[in-house]
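# Residue-level structure breakdown
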Amino acid sequence: MSEDPFVTHRNLLFTVAYEMLGSAADAEDALQESWLRWAGADRSQVRDPRAYLVRIVTRQALNRLRSLSRSREDYVGEWLPEPLLTSPDVAEDVELAESVSIAMLTVLETLGPTERAVFVLREVFELPYGEIAEAVGKSAAAVRQTARRAREHVVARQPRVRVSRSEQQAVVERFLSALRTGRLQELMELMAPDVVLLADGGGIAAAVLFPVHGALSVAELLARAGRPDAPEIATTPVWLNGAPAGRIELGGESTAVSLTVEHGRITRVYLMRNPHKLTRLDEPAALTR
């Protein structure tokens with residue numbers, strides 16, 4: 001008996017939903033809704049199960065994204081994507097790793113729901129415009145225009161330099177080492193002058209509510225974690241969203257940290273502290289295109 005196409009393509013469908021929503025929990029909900037619709041579909045009329053399933057998931061993710069827009073506007077502090085533990089293998093697909101990075105998912109948050117869906121389906125999964133049009137309920141001509149606008153928007157905001165895994169790993173390890181000891185000077189040396197730190201506590205965990213700008217301000221904030229009078233800190237290098245990153249344990253609370261590196265310096269620091277977003281750091285997520 002052949003395996004159900006939904007099961008066969010589940011990792012792909014999860015990846016589509018996650019890239020559209022930036023949340024694994026919401027992606028799983030979108031998949032559940034999609035499964036119910038797939039279960040009730042007339043399979044004899046489905047010529048291409050993979051394309052059909054991607055359309056269903058896209059529609060469900062779009063519906064969920066639109067309903068979530070208001071709650072994210074009312075979110076306490078910065079809203080950052082839910083980090084996923086990944087194996088180093090994900091980084092072998094450079095385009096996939098870039099598309100699921102915390103930096104890229106944060107940029108995608110600045111797109112409207114339809115723009116985000118079109119960008120993900122076209123730029124990441126390389127779907128034909130006709131299939132995307134069916135998924136989002138627009139004409140192929142409108143989808144082409146939306147894809148162009150979304151691409152220009154993302155390119156203007158994404159990291160300008162693609163660094164190697166070895167360079168990213170080296171910077172992450174130096175960062176975690178300096179963080180453990182609270183060495184202000186070393187932290188400053190790692191930061192680009194225009195570095196920005198974003199933290200997501202969700203109103204649950206302590207976190208700065210607004211972006212912190214500049215090497216000195218960011219380094220001083222981070223150095224507090226390594227002060228002698230601060231709670232005991234432990235750091236572990238991990239792979240998050242297809243890139244070297246870190247996991248921090250401080251005073252019994254967990255933090256996932258992702259860094260954007262350009263020319264050997266850190267340009268963005270993403271601190272995910274909301275405990276509801278840190279539930280998938282023990283088992284690697286299966287992401288695929």
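Right, let's walk through the structure included here. (Residues numbered from 1 in each chain as written. Predicted model: local features only at pLDDT ≥ 70, side-chain atom pairs only at ≥ 80, totals over all residues. Heavy atoms only, no water.)

Each helix and strand in the chain was counted, giving 12 helices and six strands. The globule rule puts the C-alpha radius of gyration for 289 residues at 19 Å, and the 20 Å found for the chain is close to it. Across its three principal directions, the C-alpha atoms of the chain cover 65 × 40 × 35 Å. Within the chain, buried positions represent 50% of all 289 residues. In the chain, of all internal contacts separated by at least 6 residues, the share reaching a separation of at least 24 is 68%. In the structure as shown, the chain presents an accessible area of about 13,700 Å², 49% of it carried by carbon and sulfur atoms. Taken together, the 34 basic and 39 acidic charged side chains of the chain have centroids lying 5 Å from each other. (Helix = DSSP H or I, 4+ residues; strand = E, 2+ residues; numbered from the N terminus. Rg over C-alpha atoms; globule rule 2.2 N^0.38 Å. Buried < 20%, exposed > 50% of the residue type's maximum accessible area, 1.4 Å probe, protein only. Contact = heavy atoms within 4.5 Å. Areas by Shrake-Rupley, 256 points an atom, 1.4 Å probe, with all protein chains shown as cover. Lys, Arg positive; Asp, Glu negative; His and termini not counted. Charge placed at Lys NZ, Arg CZ, Asp CG, Glu CD.)

Now for the nonpolar core. Formed by 51 residues in total, the largest nonpolar core has its most connected members in Phe14 and Leu108. Broken down by secondary-structure element, the contributors of at least two residues to this core are α2 (10–21), α3 (24–39), α4 (49–73), α6 (102–108), α7 (113–124), α8 (129–136) and α9 (140–157). Residue contacts for Phe14: discarding those within four places in its chain leaves Ala24, Ala27, Glu28, Leu31, Leu84, Ala286 and Leu287. In this structure, Val171, Val172, Leu222 and Val261 belong to the second largest nonpolar core, which totals 27 residues. (Core = buried A, V, L, I, M, F, W, Y, C linked by side-chain atoms within 4.5 Å.)

This brings us to α8. For α8, the set of buried residues is Tyr129, Ile132, Ala133, Ala135 and Val136. End-on view of α8: buried residues confined to an arc of 165°, all on one side of the axis. Tucked inside the fold, the buried residues of α8 contact α4, α7 and α9. (Arc of directions from axis to C-beta.)

As paired strands, strand β3 (residues 233–240) and strand β4 (residues 243–250) are joined by eight bridges and run antiparallel to one another. Its bridge partner lying in β4, Thr236 is registered against Arg247. Between the end of β3 and the start of β4, which pair antiparallel, lie two residues, with Asn241 showing a positive phi angle near 50°. (Pairing = 2+ DSSP bridges.)

The next thing to look at is a nonpolar patch on the surface. Taken together, the side chains of Val76, Leu209 and Phe210 define a hydrophobic patch exposed on the protein surface, amounting to about 320 Å² of accessible area. Mapped onto the elements of the fold, Leu209 is located in the loop between β1 (191–200) and β2 (212–213). (Patch = residues over 30% accessible without salt bridge, like charges linked within 9 Å, V, L, I, M, F, W, Y side chains within 5 Å. Salt bridge = Lys/Arg side-chain N within 4 Å of Asp/Glu carboxyl O.)

Now for the packing of aromatic side chains. Scanning the entire structure with this criterion turns up three aromatic pairs. Between Phe14 and Tyr18, the ring centres sit 6.0 Å apart and the planes meet at 5°, which makes this aromatic pair stacked. Note that Phe14 and Tyr18 are positioned in helix α2 at a spacing of four residues, about one turn of the helix. When sorted by exposure, Phe14 lands in the same class as Tyr18, which is buried. When the ring centre of Tyr129 is taken as reference, the NZ or CZ atom of Arg122 above it lies at 4.1 Å. The positively charged end of Lys277 is found above the aromatic ring belonging to Trp79, 3.9 Å away from the centroid. (Phe/Tyr/Trp six-rings, centres within 6.5 Å; stacked < 30°, edge-to-face > 60°. Lys NZ or Arg CZ within 6 Å of the ring centre and 35° of its normal.)

All right, on to the sheet that holds β1 then. In space, the six strands of this open sheet follow the order β2-β1-β6-β5-β4-β3, with mixed pairing throughout. Both edges of this open sheet fall to β2 and β3, since each of them pairs with a single strand only. Packing against the sheet, helix α10 (residues 165–181) makes contact with β1, β3, β4, β5 (253–262) and β6 (265–272), and its axis sits at approximately 15° to β4. On the sheet, helix α12 (residues 215–223) packs against β1, β2 and β6 and is oriented at approximately 50° with respect to β1. (Axes fitted to C-alpha atoms, helices over the stretch in contact; angles between N-to-C directions.)

Along the chain, Ala192 falls in strand β1. With a relative accessible area of 7%, Ala192 lands in the buried category. Considering only alpha carbons, one finds Ala192 and Glu262, 70 residues apart in sequence, at a separation of 8.3 Å. Apart from the residues lying within four places of it in its own chain, the contact partners of Ala192 are Ala215, Arg265, Ile266 and Thr267.

This brings us to the environment of Arg183. Mapped onto the elements of the fold, Arg183 is located in the loop between α10 and α11 (184–190). With a relative accessible area of 34%, Arg183 lands in the partly exposed category. Measuring from C-alpha to C-alpha, the distance between Arg183 and Glu126 comes to 45 Å, with 57 residues separating the pair along the chain. Excluding residues that lie within four positions of it along the chain, Arg183 makes contacts with Ser177 and Ala178. Reaching out from Arg183, the side chain makes a polar contact with the side chain of Glu186 at a distance of 2.7 Å. (Polar contact = N/O pair within 3.5 Å; in protein donor to acceptor, adjacent residues only side chain to side chain.)

Geometric descriptors of this kind do not, in isolation, establish any biological role.
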